[in-house]
Amino acid sequence: MLLAVAMGHFSPGRAVSMKPLGDAFIRLISMVITLIIFCTVVSGIAGMEDMRKVGRVGGKALLYFEVVSTLALIVGLVVGNVVQTGRGFNANPATLDAHEVSAYAGQAKSQNLTEFLMHIIPTTVVDAFAKGDILEVLLVALLFGFALSAMGARCKPLLDLVDSLTLAVFRVVNIIMKFAPIGAFGAMAFTVGKYGIASLGPLARLILTFYITSILFVLIVMGGVARLAGFGIIRFLFYIKEEILLVLATSSSETALPTLMEKMERLGCSKSLVGLVVPTGYTFNTDGTSIYMTLAALFVAQATNTPLTLLQQITILGVAILTSKGASGVQGASFIALVGTLMVIPGIPVAGMALILGIDRFMSMFRGLVNMIGNGIATLVIARWENELDRQTLQRNLARSGGVS
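Draft legend 1. Structural view of the overall build of the chain. Tallying secondary structure elements over the chain gives 21 helices and 0 strands in all. Here the chain holds 405 residues, and 55% of them are scored as buried. Counting only contacts in the chain whose residues sit at least 6 apart along the sequence, the fraction spanning at least 24 positions is 84%. Accessible surface, the chain as shown: approximately 17400 Å² in total, 67% of it carbon and sulfur.

Written as C-alpha cells, this is what we have:
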C-alpha cells in the first residue's frame, strides 16, 4: 500500500495502469462469495437440531442491525450539524457538471417494502448465483438447508458433499488471498494516481470529519457494545488487521467477507450463525454507509447554501434508513444510495453530488471498513446472545491472534 501511494504520487500515469490488478483481485473474491455463503448456510442449518434457532438468530440479528445502523445515521446527522463541513463552500448548483451524477441517478430508484421483498426472490436458482446477489443466494441457501434438515438421514450423502465443497472453496480462498498484496497495490495505486493526494485539499474538512467520526464510532459505540459482549475492541481490531488493510486498499468490504467468516468461526461462532449473520449484515448492517449518508447529505445542502428545516432533516434520516439497506460492500453503491436519498428531498440539488464524486473513492475506504468491522462485532454479539461462546473462550481465542488487550 505504501509503495502504491508512492507510485500514485510520483508516477500517476503508470499508477492508473495498475487498476486491472485491483479489479482482478476483487473479481476473484467475488467469484467465490456466493458459493461460500450457500455452502456455509446449507451445511450449518442442515446440521442444526433446533430449527427455531434459525428464526431466533435472524430476528436478533435484524433487531441489532436496525438499532446500530439507525444510531450511525443519527451520529452522522448530529456531526453534520455541529461541524457544518459544507459551510462557506458557496457552490452554485447551476455551474456544477452533473453529467456523471446523472449516471448514478439513473441507477438510484426508491423501493417500497413489497419491491424490496420481491427483489430478494431470484427468477431462478441459477440466476441468484449468476448475479451474485447476496440476499438472493441467502434465501436459496436457507430453503435448501431447511429441506435437507427435514429429510433426515437420507440427505447425509448430499450433506457430506456440501461439507467437502465448503472445504474446497475455502482452500480456493486461501490461494486467492496469496495475491492480496498485489491486488491491494493495484487498487491503491489507481486511487492515488487517478485522483491524486492534492484532490483531497478542497474537501479535506469533509474527509477528515468523516474519518474521525468513523474512528470514534468504532472505538466508542462499537467498543461499548464489544465490552458488553465480553471482549475488547482493540484486541478484536488486531485480530482482523489483515481484513482492515484489505478493505482500505480495495475500498470494498466484500473482499474481506470470506476470511472474516472464517475468522468468526475460529473464535467459536457456529457455522450456521456466521452464515446467517455476516451475509445479512452486509446488506442490513452498514454502519459506515449510514454515517456517510447523513453527513454527506448535509454537506451538499450546506455547500449549496440550501437551508434545511428540522422536518426535512428528519425526512432525510427516515429515507436513509431505507436506502442505506441496499448499499452493500461494492464500491460506489453507497454513492448511488445517497443520490436516491437526495432525490426524495426536492430542496437539495442532486447536482451538488458532483462536489463529492471525485473523493468518493477515499470516502468508501472508511465506509467499507466500518461496515466490515460492524459485521464482525455483530456476529460475536449474536453468538454471545445465543450462548454459543463464553467470555473466557472468546478472550482466549482473541489473545492467540497476537493482539493487545
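Draft legend 2. Up close: the packing of helix α4 (residues 52-83) against helix α20 (residues 360-385). It is at 10 Å that the axes of α4 and α20 come closest, and there the two elements cross at 135°. Taken together, the axes of α4 and α20 lie oblique to each other. For α4 against α20, the interelement crossing comes out right-handed. The segment α4 lies against α20, with Val57, Lys60, Ala61, Leu63, Tyr64 and Phe65 engaging Ile377, Ala378, Val381, Ile382 and Trp385. For the contact of α4 with α20, the residue count by class is 10 nonpolar, no polar and 1 charged.

Draft legend 3. View of the nonpolar core. Counting 125 residues, the largest nonpolar core has Tyr292, Ile356, Met372 and Ile373 as its most contacted members. For this core, the leading source of residues is α20, giving 14 residues.

Draft legend 4. Here's a closer look at the side chain of Gln302. Within the element layout of this structure, Gln302 appears in helix α16 (residues 287-303). Within polar-contact distance, the side chain of Gln302 engages the backbone nitrogen of Thr85 at 3.4 Å. Among the polar contacts listed, one links the side chain of Gln302 to the backbone nitrogen of Gly86, at a separation of 3.2 Å. If we skip the residues at most four places from it in the chain, Gln302 touches Gly80, Gln84, Thr85, Gly86 and Arg87.

Draft legend 5. Spotlight on α20. Taking 1.5 Å as the rise per residue, α20 with 26 residues should run 38 Å; its terminal C-alpha atoms sit 36 Å apart, in good agreement. Directly beyond the C-terminal end of α20, a positive phi value near 60° is found at Asn387.

The rules we used
Residues numbered from 1 in each chain as written. Predicted model: local features only at pLDDT ≥ 70, side-chain atom pairs only at ≥ 80, totals over all residues. Heavy atoms only, no water. Helix = DSSP H or I, 4+ residues; strand = E, 2+ residues; numbered from the N terminus. Buried < 20%, exposed > 50% of the residue type's maximum accessible area, 1.4 Å probe, protein only. Contact = heavy atoms within 4.5 Å. Areas by Shrake-Rupley, 256 points an atom, 1.4 Å probe, with all protein chains shown as cover. Axes fitted to C-alpha atoms, helices over the stretch in contact; angles between N-to-C directions. Parallel < 35°, antiparallel > 145°, perpendicular 65-115°, else oblique. Left-handed = near helix turned anticlockwise from the far one by under 90°. Nonpolar A, V, L, I, M, F, W, Y, C, P; charged D, E, K, R; others polar. Core = buried A, V, L, I, M, F, W, Y, C linked by side-chain atoms within 4.5 Å. Polar contact = N/O pair within 3.5 Å; in protein donor to acceptor, adjacent residues only side chain to side chain. Expected span 1.5 Å × (residues − 1).

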